[in-house]
Amino acid sequence: MIINEYIAELKQLLMHERSQAKTIGFVPTMGALHPGHLELMKQAKKENDILVASIFVNPIQFNNPEDLKKYPRTFETDRQMLEDIGCDFLFYPSAEEIYPEPDNTYYDFGALAQCMEGEKRPGHFNGVAIVVRKLFDIVEPDKAYFGEKDFQQLAIIQALVRKLNMPVQVIPCPIVREVDGLAMSSRNMRLSKEARQEAPFIYETLKRAITLFPTYSPEALKHWVAGQFENKETFTVDYIEIADTTELQAVHNWEDASGISLFVAVFLEEVRLIDNIRII
Ligand code: PAF
């Protein structure tokens, strides 16, 4: 695996690959890799000639400086995991390389960026859009892979690609879960032993919730989910939403959309975890 920190050098190397008609699959990450990331990598490897991964903890997508400080950084383990799955190129730039000067681009994603994560984490999706655009410009992938745990991020990136006519296919990949159901996330590393034992309750609740469809209305179902978490003092709900799967807007009747999912964000101790499940 070639590890490169510099945009110009990586572009040169990838241009050489492209000149041999090789297709490029790309998995951007912030490191602290887990088996969920590796599933994205494996799929990218299967569907392309070359796999490029990036590790960059993007400072401008953290609305909370404490969260940025505490974000796990595990470069040696990440590098080994990428070697083991046969990643071809790892882009590992510094913040100065990505942001030689502040990038104040503002992307208007309308309502898509104003609900759920967008509402709770102001500026987050703009920061994601800025870095993903830069990374796509550098790597020029044929296909880029994103997990459905960050469902709204995926929708934002699809909107970005449409808005800018970027020649990349965004591939959504299913949520990868631990055996006990907890959605894999780099943030899980920050859970204490006790919190880690409590965490599967999130997915258990989502699974129980969908058995109440369609008897409960969307409003009643949200209420039911909120009640489950209120009964557990270790959890604090940030939001619970039932929304359509394209615009991610709240639905009030089951007939409002053909694809509907239940989304939750909760704090467990001080760690913020998100998950979602398809209802219809
Ligand atoms: O999902 C992530 O890890 C990040 O938001 C991404 C897409 C790599 C952008 O920094």
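Residues numbered from 1 in each chain as written. Predicted model: local features only at pLDDT ≥ 70, side-chain atom pairs only at ≥ 80, totals over all residues. Heavy atoms only, no water.

A closer look at the sheet that holds strand β8 (residues 260-268)
What the three strands build is an open sheet, ordered β7-β8-β9; its pairing is antiparallel. At either end of the open sheet lies a strand with only one pairing partner, and these are β7 (235-244) and β9 (271-278). Strand after strand, the sheet turns through a mean of 15 degrees between neighbouring axes, direction not considered. Against the sheet, helix α10 (residues 201-210) contacts β7, β8 and β9, and its axis sits at roughly 25 degrees relative to β9. Strands β7 and β8 of the sheet are contacted by helix α11 (residues 218-230), whose axis makes an angle of about 160 degrees with β7. (Pairing = 2+ DSSP bridges. Helix = DSSP H or I, 4+ residues; strand = E, 2+ residues; numbered from the N terminus. Axes fitted to C-alpha atoms, helices over the stretch in contact; angles between N-to-C directions. Contact = heavy atoms within 4.5 Å.)

A word on the packing of aromatic side chains
Taken as a whole, this structure holds eleven aromatic pairs when the rule is applied. Consider the rings of F201 and F229, whose centres lie 5.5 Å apart with planes at 90 degrees: the pair is edge-to-face. Of the two residues, F201 is situated in helix α10 and F229 in helix α11; the sequence distance between them amounts to 28 residues. Given a relative accessible area of 10%, F201 falls into the buried group. According to the relative accessible area criterion, F229 is buried, its value standing at 1%. Members of the aromatic cluster, joined through ring pairs, are F26, F136 and F146. Here R177 stacks its cationic end above the ring of Y203, 3.4 Å away from the centre of that ring. Sitting above the plane of the F201 ring, K232 keeps its charged end 4.6 Å from the centroid. (Phe/Tyr/Trp six-rings, centres within 6.5 Å; stacked < 30°, edge-to-face > 60°. Buried < 20%, exposed > 50% of the residue type's maximum accessible area, 1.4 Å probe, protein only. Lys NZ or Arg CZ within 6 Å of the ring centre and 35° of its normal.)

Note that all results are geometric; they support no functional claim without further evidence.
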